[in-house]
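Single-letter residue listing:
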Amino acid sequence: QGGAEREVRMSSMDTFRHLRDDHARILSELDVLTALAEAPSPGPREIDELRGLILLLERECAAHMRTEEEALFPALAETEWMAEAAKCVAPLQAEHAELKDMLLGLAAVLAAPAGRERDEQIAVQTKDLADLFRIHVRKEEALIYRMAEQVLPRETLVHLANRLPVHAPHLNRR
């Protein structure tokens, strides 16, 4: 039984390590996006790079958020910490929707005709997106992940670990 317990602990540690790694990777991609967006007059090559990064971020964020919304958040709602979790989860879910909308808005701006106004919008919207995502990550990791690691039952942690490849196949699970 000690082996099974160790395996469960590893699974739960892996789950939250993978989720935190997702955050770190997305933040790194947002840094690249922000640097590209700050170019005074982005040319066609920079605009193409920005579009590619937005598509990548849309895919990665969707997979990551789906794992949280379909597995992690509902699991927390079923614990004795339900009321506390609900206070934390609702604003984070609203931020998920806002981040998705911001990505769509930025994609629309990138499709607009070139010009000073478009370039300014790219810079402003990219900065806003990166700022909100950084704040969101800090809250999620400090509140939700920390709480989940402490209160979720072992079988739920195993279930969460098993959900990751379904929603985020790019992760290398060991």
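Residues numbered from 1 in each chain as written. Predicted model: local features only at pLDDT ≥ 70, side-chain atom pairs only at ≥ 80, totals over all residues. Heavy atoms only, no water.

**Side note on the overall build of the protein**
For clarity, the threshold we go by: Numbering goes from the N terminus for both helices and strands, where a helix is a DSSP run of H or I of at least four residues and a strand is a run of E of at least two. Note on classification: 1.4 Å probe, protein chains only; a residue is buried when its accessible area is under 20% of the maximum for its type, exposed when over 50%, partly exposed between these limits. Note on contacts: a residue pair is in contact if any heavy atoms of the two residues lie within 4.5 Å. Using the Shrake-Rupley algorithm and a 1.4 Å probe, accessible areas are obtained, with residue cover drawn only from the displayed protein chains.
Along the protein, the regular secondary structure elements total five helices and zero strands. The helix and strand sequence of the protein, counted from the amino end, reads α-α-α-α-α. Buried residues in the protein amount to 43% of all 174 residues. A sequence separation of at least 24 residues applies to 81% of the contacts in the protein between residues at least 6 apart. Of the roughly 9,400 Å² that the protein leaves accessible, carbon and sulfur atoms contribute 56%.

**So, the packing of helix α2 (residues 44–77) against helix α4 (residues 116–151)**
The test is simple: Simply put, an axis is a line fit to the C-alpha atoms, just over the touching stretch for a helix, and the angle between two N-to-C directions goes from 0 to 180 degrees. Reported orientations rely on four angle classes, namely roughly parallel under 35 degrees, roughly antiparallel over 145, roughly perpendicular from 65 to 115, and oblique for the rest. Take the far helix as the reference: if the near one is turned anticlockwise from it by less than a right angle, the crossing is left-handed, and if turned clockwise, right-handed. Following the grouping adopted for this structure description, the nonpolar residues are Ala, Val, Leu, Ile, Met, Phe, Trp, Tyr, Cys and Pro, the charged ones are Asp, Glu, Lys and Arg, and the polar ones are all others, Gly among them.
Between α2 and α4, whose axes approach to 13 Å, the crossing angle comes to 25°. Our classification of the angle between α2 and α4 gives roughly parallel. Like other packed secondary-structure pairs, α2 and α4 cross with a definite hand, here left-handed. When α2 is examined against α4, the residues I47, L50, C61, H64, E68, L72, F73 and L76 are found in contact with a partner set consisting of R118, I122, F133, E140, I144, Y145, M147, A148 and V151. Residues belonging to the contact of α2 with α4 are distributed by class as follows: 13 nonpolar, one polar and three charged.

**Looking at the pattern of salt bridges**
To keep it simple, the criterion reads: Whenever a carboxyl oxygen of Asp or Glu lies within 4 Å of a side-chain nitrogen of Lys or Arg, that contact is scored as a salt bridge.
Tallied over the entire structure, the rule returns 13 salt bridges. Salt bridges linked by common partners bring D22, R25 and E60 together as one network.

**Considering the packing of aromatic side chains**
To keep things clear, this is the line we draw: For Phe, Tyr and Trp, where Trp contributes only its six-membered ring, two rings pair if their centres lie within 6.5 Å, and the inter-plane angle classes them as stacked under 30 degrees, edge-to-face over 60, or tilted in between.
Within this structure, the stated rule accounts for one aromatic pair. A ring pair is formed by F16 and Y145, whose centres lie 5.7 Å apart and whose planes are at 55°; its orientation type is tilted. Of this pair, F16 sits in helix α1 (residues 2–37) while Y145 sits in helix α4; the two residues are 129 residues apart in sequence, bridging distant segments of the chain. Note on accessibility: F16 and Y145 belong to one class, buried.

**Let's talk about α4**
To be explicit about the condition: The span one expects for a helix is its residue count, reduced by one, times 1.5 Å. Throughout, the bend at a residue refers to the angle made by two axes, fitted to the seven residues ending there and to the seven starting there.
With 36 residues, α4 extends 51 Å between its outermost C-alpha atoms, agreeing within 8% with the 52 Å of an ideal straight helix rising 1.5 Å per residue. At E140, α4 is bent by approximately 35°, the largest bend along its length.

**Side note on the nonpolar core**
In plain terms, the rule: In this description, a nonpolar core means a group of buried Ala, Val, Leu, Ile, Met, Phe, Trp, Tyr and Cys residues linked to one another through side-chain atoms lying within 4.5 Å.
Judged by nonpolar contacts, the single largest core of 23 residues is most densely connected at L30, L33, L50, I122, L129 and F133. Apart from residues no more than four positions distant in its own chain, L30 is found in contact with L57, L129, A130 and F133. Ranked by size, the runner-up nonpolar core spans 19 residues in total, among them F16, A75, L76 and M147.

**Observations regarding the side chain of H96**
We count it as follows: Polar contact is the term for a pair of N or O atoms within 3.5 Å; when the atoms are in protein, one must be able to donate a hydrogen and the other to accept it, and sequence-neighboring residues count only if both atoms are side-chain atoms.
Its place among the elements puts H96 in helix α3 (residues 82–111). One polar contact links H96 to E68, side chain to side chain, over a distance of 2.9 Å. When sequence neighbours within four positions are dropped, the list of residues in contact with H96 reads M65, E68, E69, F73, H136 and E140.

**Some remarks on the packing of α2 against α3**
To describe two helices that pack against each other, one gives the angle between their axes and the distance between the axes. As a packed pair, α2 and α3 sit with axes 10 Å apart at the nearest point and diverge in direction by 165°. When the axes of α2 and α3 are compared, the pair comes out roughly antiparallel. Judged by the twist between their axes, the crossing of α2 over α3 is left-handed.

In short, shape yes, function no, at least from these values alone.
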